[in-house]
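Each chain, letter by letter, is given below.
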Amino acid sequence: MQRRHVMNQINVIQLPLFSLLSFLLSCSQKTTPVERGISSQTLLIANQTEPQDLDPHIVTGVPEFHIMEALFEGLVIAEPKELQPVPGVARSWDLAADGLTWTFHLRNDAVWSNGDRVTAGDFRFSYQRILSPNLGSEYAYMHFCIEGAEAYNKGTITDFSKVGVDALDDTTLVMRLCRPTPYFLSLLAHHSFFPVHPATILKFGKIDTRGTVWTRPENFTGNGPFRLAAWEINRIIAVKKSETYWDRSSVRLREIDFFPIDNQQTEERSFRTGGVHVTANLAPGKIEWYRANRPEALRTDPYLGTYFYVVNVTKPPLDDPAVRRALSLAVDRAAIVRHILKGGQPPATCYTPPGTGGYHADSAVRFDTTEAKRLLAKAGYGPGGRSFPAVELLYNTSETHHTVAQAVQQMWKRHLGIEVTLVNQEWKVYLASKQRGRFGIARMGWIGDYNDPMTFLDMWVKDGGNNNSGWSHTRYDSLIAVAAATSDREARFAAFREAEALLLDEMPIVPVYFYTNVYLLHPAVKGWDPNLLNIHNYKYVYLEK
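Since this is a predicted model, take the numbers as computed values, not measurements.

Q: Can you tell me about the sheet that holds strand E5 (residues 101-106), naming the residues and giving the values?
A: Overall, antiparallel pairing links the four strands, which are arranged E4-E5-E7-E6 in an open sheet. Two strands close off the open sheet at either side, each with one partner strand: strand E4 (90-95) and strand E6 (165-169). Adjacent strand axes in the sheet meet at a mean angle of 20° when their direction is disregarded. Examined bridge by bridge, E6 and strand E7 (residues 172-176) share four bridges and lie antiparallel to one another. Each bridged residue has a counterpart across the sheet, and for Asp169 the counterpart in E7 is Thr172.

Q: Tell me what's going on with the pattern of salt bridges, and back it up with residues and numbers.
A: Across all of its chains, the model carries 19 salt bridges by this definition. The partner of Asp247 in a salt bridge is Lys539, and the shortest N-O contact between them spans 2.9 Å. On the criterion of sequence distance, the pair formed by Asp247 in the loop between strand E9 (236-241) and strand E10 (255-259) and Lys539 in the loop between strand E16 (525-526) and strand E17 (542-543) is long-range, its members being 292 residues apart. Neither Asp247 nor Lys539 differs from the other in exposure class; each is buried. Linked by salt bridges that have partners in common, Glu147, Asp166 and Arg176 make up one network.

Q: Tell me about the confidence of the model for the protein chain, residues and numbers included.
A: Averaged over every residue, the pLDDT of the protein chain is 93; the share at 70 or more is 95%. Throughout residues 1-15 the model reports pLDDT below 50, and contacts reaching past four residues in sequence, or to other chains, amount to 104 contacts.

Q: Go over the packing of aromatic side chains, please, and point to the residues and values.
A: The full count for this structure, using the stated rule, is 31 aromatic pairs. Counting every residue linked through ring pairs, the aromatic cluster contains Tyr303, Tyr307, Tyr309, Tyr513 and Tyr515. The ring of Trp246 has Arg107 lying over it, and the distance from NZ or CZ to the ring centre is 3.5 Å. The aromatic ring of Tyr542 is capped on one face by Arg252, whose charged end is 3.7 Å from the ring centroid.

Q: Give me the lowdown on the nonpolar core, citing residues and values where you can.
A: Core analysis: the biggest nonpolar cluster contains 120 residues, and Leu43, Leu75, Phe104 and Tyr351 have the highest contact counts within it. Take this core: its biggest share by element is seven residues, from helix H17 (residues 489-506). Counting 42 residues, the second largest nonpolar core, distinct from the first, contains Ile340, Phe388, Ile418 and Tyr515.

Q: Break down the packing of helix H10 (residues 321-329) against helix H12 (residues 369-378) for me, with residues and values.
A: Packed helices, taken two at a time, are described by the angle their axes make and the gap between the axes. Interaxial distance between H10 and H12 falls to 8 Å at its minimum, and their mutual angle equals 160°. The angle between H10 and H12 falls in the class roughly antiparallel. Here H10 and H12 pass one another in a crossing that is left-handed. On the side of H10, the interface is formed by Ala322, Val323, Arg325, Ala326 and Leu329, while H12 contributes Thr369, Glu371, Ala372, Leu375 and Leu376. Among the residues forming the contact of H10 with H12, the class breakdown is seven nonpolar, one polar and two charged.

Q: Quick one: what's the story with the environment of Ser242, residue by residue and with numbers?
A: Relative to the elements of secondary structure, Ser242 occurs in the loop between E9 and E10. In sequence terms Ser242 and Ser478 are 236 residues apart; their C-alpha atoms lie 46 Å from each other. Sequence-distant contacts of Ser242, defined by excluding residues within four places in its chain, comprise Gly224, Pro225, Phe226, Arg227 and Arg248. Looking at Ser242, its side chain comes within polar contact range of the side chain of Thr244, at 3.0 Å.

Q: Requested: an account of helix H3 (residues 62-71), with residues and values cited.
A: For H3, the tally of buried residues reaches ten of ten residues, placing the bulk of the element in the interior. Tucked inside the fold, the buried residues of H3 contact strand E8 (226-232), E9, E10, strand E11 (298-311), helix H14 (427-435) and strand E14 (441-447).

Q: With reference to specific residues and values, describe the sheet that holds strand E1 (residues 42-46).
A: Taking strand neighbours across the sheet as the criterion, the four strands line up as E1-E10-E9-E8 in an open arrangement whose pairing is mixed. Looking along the sheet, the strands with just one partner apiece sit at the ends: E1 and E8. The average undirected angle you get between the axes of adjacent strands in this sheet is 15°. For E8 and E9, the ladder comprises six bridges, and the chain directions are antiparallel. Bridge assignment links Arg227 to a residue of E9, and that residue is Lys240. Against the sheet, H3 makes contact with E8, E9 and E10, and its axis sits at roughly 135° relative to E8, the strand it touches most.

The rules we used
- Residues numbered from 1 in each chain as written.
- Predicted model: local features only at pLDDT ≥ 70, side-chain atom pairs only at ≥ 80, totals over all residues.
- Heavy atoms only, no water.
- Pairing = 2+ DSSP bridges.
- Helix = DSSP H or I, 4+ residues; strand = E, 2+ residues; numbered from the N terminus.
- Axes fitted to C-alpha atoms, helices over the stretch in contact; angles between N-to-C directions.
- Salt bridge = Lys/Arg side-chain N within 4 Å of Asp/Glu carboxyl O.
- Buried < 20%, exposed > 50% of the residue type's maximum accessible area, 1.4 Å probe, protein only.
- pLDDT = per-residue confidence, 0-100.
- Contact = heavy atoms within 4.5 Å.
- Phe/Tyr/Trp six-rings, centres within 6.5 Å; stacked < 30°, edge-to-face > 60°.
- Lys NZ or Arg CZ within 6 Å of the ring centre and 35° of its normal.
- Core = buried A, V, L, I, M, F, W, Y, C linked by side-chain atoms within 4.5 Å.
- Parallel < 35°, antiparallel > 145°, perpendicular 65-115°, else oblique.
- Left-handed = near helix turned anticlockwise from the far one by under 90°.
- Nonpolar A, V, L, I, M, F, W, Y, C, P; charged D, E, K, R; others polar.
- Polar contact = N/O pair within 3.5 Å; in protein donor to acceptor, adjacent residues only side chain to side chain.

Pasting the structure below:
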């Protein structure tokens, strides 16, 4: 899920929100919001930041996905423990003997929150929308395994009837793939495959209009287990159990409140004083205290993600691969995870997390200051980084991001003699800067959208929706195409391995560490199973005293 895809941990103090939480705490001398939530089945979640939007075809971040997971449902959903695809809006499906043609049979009782029936035509409309060139979806490429999808998205064809998506009737959707895609069903659980309500979209704009008000509570129409009840900017997003959801009898929560708590200290304090049941993060400085004093609340879950810096290769001196390799070699990743993070994060030795779908890349990332100095000198800078021009390192606001960036800045100064200026931006501004290439080096985190190496490696193909580096390589693109075109596991992995080796030789990215998911969870929260993608379908979650 960049789902999800860009990992976001933010640290801007929001006084109005904290005042709101303080007010809620003061309302009762006997009970806290957490305790009242347990009684009323209202889950209180600290959700990092104000979301970019709630449009599943536009957003790319993890905080947005956590909200949309309550409001929408795709053809399939991920079961909570192993994330295997199970029926969602589709009650069943068939795969033809050619291995390319999927037929989905939709439920008769799947209904939108306004009472309209969810139809196969709604899914066809939704896939046409995300692939529309003018919408500019960064996740359109997730659909390129569908016949004709890439050509339509790139404007080579303009007739959507030539794309392999057909609604045979209200309950039968047929999709034809252009290549074998062993993880296709898992793709369908991603928010880029969520349906949107056609009439609602068209009421407020065209099929390809971005940023309309259809996602406001008074206009919103979804098909998930919850409906959007309130959205107060920088304060709260509230969703309530949907009485139209087909499986509503399985939903035990009555309400979920998402708080955009940007500051990690405020977030931890809110948890400790009974303001929220779940945090998004835990500041590294608090981990040891919880281990010693409240171990039942501390969660350190596996997480399929990589924390790295993306390099804008269109800007000198970062256009020189030798410079980029020198920067990577001068980062002491073991020191960062041991002295700063303290949450069991492994230092990155490659880009794709080891074991992703059974795949292991060759170790190509290391700490070697001697080689770093040699490469920088070879590029014409040195000794001591002499004549190296000014470079900026961009990161989104977060205590942890700031501390890691400071450490990397000091390492580059100490080992290479170069000066790097740190630039901190709020989440939405940071996203815009990265998308428009207004950076030299920028922090990124990528969380897998599904458990396969393709979710990490296809983002670096030329003109990829999430490739903000400006880097491309013909051989790399061909290797990713080879991996996409075969279902032979060893052949796929061999192509991935060669592609990743090329990526790490050219170094448009500087991997730092592999994620673990360190956060706080109240013991009353049940059904919140640890899994690699941090996906928690709320219809399985409930509160128990």
